[in-house]
Amino acid sequence: MTVAAPPTALFVDLVGQGQAVALLAAALQQQRLAPAYLFSGPDGVGRRLGALRFLEGVVAGGSGDPAVRRRLQAGNHPDLLWVEPTYSDKGQLVPVSQAAAAGISRKAPPQLRLEQVRGVSQFLARRPVEAPRCLVVIEAVEAMAEGAANALLKTLEEPGDGLLILLSAAPDRLLSTIRSRCQTIPFARLSADDLELVLSRVPPQPQGPEADPEAADPPADPPELRELAAGSPGALLEHRRQWRALPEQLPQRCGALLTGPQGRVSPQEALALARDLSEALEVEEQLWLLDWWQLRLWRQRPDPAQQRRLETLRRQLRAYVQPRLAWEVALLELSGAV
C-alpha cells in the first residue's frame, strides 16, 4: 500500500521552520492531533502563520483549501476563536491589534484576562458548525495574570473535543502544569538567507496620494535594527515601523547626548530631551527607543555603568514611574549635567 506523503505543501510559505513543519505535517498525515499545542519561539518567526496553516489542514482534512484559508486568515470562520491580549478602556476590552486605530492609551501593558479565558472554555464546549472540532488560538499566552492562568489550566485538564493552540515567545513564564499539558512545537530564529527570503516576499508599503514618486525607496535602516531583530523577520519589520514613526531629530538628539565627553550637554538640553521623549512617545515607544539607544551606545563605547543606569530607567518605565521624571533624572545623570 502506498503511503501518502506528509502534507508539507500546506507550509510552503513557512520559511526556515523545518522541525515545526515536520511535526505538524506528521500530525495531519496520521490524524493524531493533540488536544493542545504550544507554539514556542521568538516573535515574528512564523508561529502565527504556522498556526493558520495547521488549522487549515485540520479543517480541510489534511490538505490545503483556498476557501478555508481565506476565512481563517480573515478571522470569520465560525469554528475559530482567536484570542489576543487586551487593553481595558472605559469598561471595554480592546485587542492589541485594534488599540492604535481606536486611540487607546497604552500606558499599561496588555493582558489576557480571566473573562477571555472563560470565553475560551465556553467556545470549546459548543458543537462545531463546519469544522470537525472547535479551534482556539491564544496569542502571547504568557501575558496572563494568575487567575487567568489557573482558569486556562482547568480548560486544558478537560479540553473536550476542541483543539487549542497557545503562541508564546516566553514559555518559561507559563505554569509548568500548562506546558506539560501541551505538545510543544519549537520555532527557531531564521538564518540570514532565510531572513532575506522572507523580507523579499513582503509587499511594498502603499504610497499615499501625496507621496513623492521620486522618494519611493524607504530610508536605509540603521544597523542596530537587524541586530535587534536577531533573526526574526517580523521583529525587523516592527523595528522598521517603530523607527520610521519616531519624530524627526529625536534619535539624533538621543545619540548626541552621550557620545561626547561628559559635561558637553547643559541641564536645559537634557531636560528638554526628557520632556520631548515623554510627551511625543507612548511608554511602549519609549521602551523601544531605549532598546535601540542602548545597543547603539554599546557599539560606540562599551560602558557598563552607562548601561546599568539605562537598565534602571527601563525598570522605572515598566513600573509606571512618571516617565518624564524618570527620563529627567536619568539624562541629567548620564550626560554629566549634574
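These remarks concern the structure in this document. (Residues numbered from 1 in each chain as written. Predicted model: local features only at pLDDT ≥ 70, side-chain atom pairs only at ≥ 80, totals over all residues. Heavy atoms only, no water.)

### Notes on the overall build of the chain
- When you go through the chain residue by residue, the secondary structure sums to 15 helices and seven strands.
- The burial tally for the chain puts 43% of its 338 residues in the buried class.
- In the chain, the proportion of contacts linking residues at least 24 apart, taken out of those at least 6 apart, comes to 71%.
- Here the chain has roughly 17,900 Å² of accessible surface; of this, 52% comes from carbon and sulfur atoms. (Helix = DSSP H or I, 4+ residues; strand = E, 2+ residues; numbered from the N terminus. Buried < 20%, exposed > 50% of the residue type's maximum accessible area, 1.4 Å probe, protein only. Contact = heavy atoms within 4.5 Å. Areas by Shrake-Rupley, 256 points an atom, 1.4 Å probe, with all protein chains shown as cover.)

### Looking at the packing of helix α5 (residues 114–125) against helix α6 (residues 146–157)
- For the pair α5 and α6, interaxial distance at closest approach is 8 Å and the crossing angle is 15°. Between α5 and α6, the angle is such that the two are roughly parallel. As for the relative orientation of α5 and α6, their crossing is left-handed in sense. From α5, Leu114, Val117, Ser121 and Leu124 reach across to α6, where they touch Gly147, Ala148, Ala151, Leu152 and Thr155.
- Of the residues assigned to the contact of α5 with α6, the class counts are six nonpolar, three polar and no charged. (Axes fitted to C-alpha atoms, helices over the stretch in contact; angles between N-to-C directions. Parallel < 35°, antiparallel > 145°, perpendicular 65-115°, else oblique. Left-handed = near helix turned anticlockwise from the far one by under 90°. Nonpolar A, V, L, I, M, F, W, Y, C, P; charged D, E, K, R; others polar.)

### So, the sheet that holds strand β5 (residues 135–138)
- Strand order in the open sheet formed by five strands is β2-β5-β6-β1-β7, and the pairing between neighbours is parallel. Looking at strand neighbours, the two that pair on one side only are β2 (80–83) and β7 (183–186), the edges of this open sheet. Each adjacent strand pair in this sheet contributes to an overall mean axis angle of 15°, direction not counted.
- Here four bridges tie strand β1 (residues 36–40) to β7, and the two strands are oriented parallel to one another. Within β7, the residue paired with Ser40 across the bridge is Pro186.
- In this fold helix α1 (residues 18–30) packs onto β1 and β7, with an angle of close to 140° to the strand it touches most, β7. (Pairing = 2+ DSSP bridges.)

### Looking at helix α2 (residues 47–59)
- The terminal C-alpha atoms of α2 lie 18 Å apart, and with 13 residues this matches the ideal 18 Å at 1.5 Å per residue to within 8%.
- By the criterion of burial, α2 is predominantly enclosed, with eleven of the 13 residues buried.
- Here α2 has its buried residues at Arg47, Gly50, Ala51, Leu52, Arg53, Phe54, Leu55, Glu56, Gly57, Val58 and Val59.
- In this structure, the buried side of α2 is in contact with α1, β1, α3 (66–74), β2, β5 and β6 (163–168).
- Just beyond α2, the residue with positive phi is Gly61, at close to 75°. (Expected span 1.5 Å × (residues − 1).)

### Some points on the side chain of Gln307
- By the element assignment, Gln307 lies in helix α14 (residues 304–318).
- Assessed through its relative accessible area of 14%, Gln307 is described here as buried.
- Aside from chain neighbours lying at most four places away, what touches Gln307 is Gln294, Leu297 and Trp298.

### A closer look at the side chain of Arg309
- Residue position: Arg309 is located in helix α14.
- Once you skip the residues sitting within four places of it in the chain, Arg309 turns out to touch Gln316, Val329, Ala330, Glu333 and Leu334.

### Things to note about unusual backbone geometry
- Residue Ala140 is not a glycine yet carries a positive backbone phi of 45°.
- Within the secondary structure, Ala140 is located in the loop between β5 and α6.
- According to the relative accessible area criterion, Ala140 is partly exposed, its value standing at 25%.
- Of note in this structure, Gln249 is not a glycine but carries a positive phi near 80°.
- Judged by its relative accessible area of 42%, Gln249 is partly exposed.

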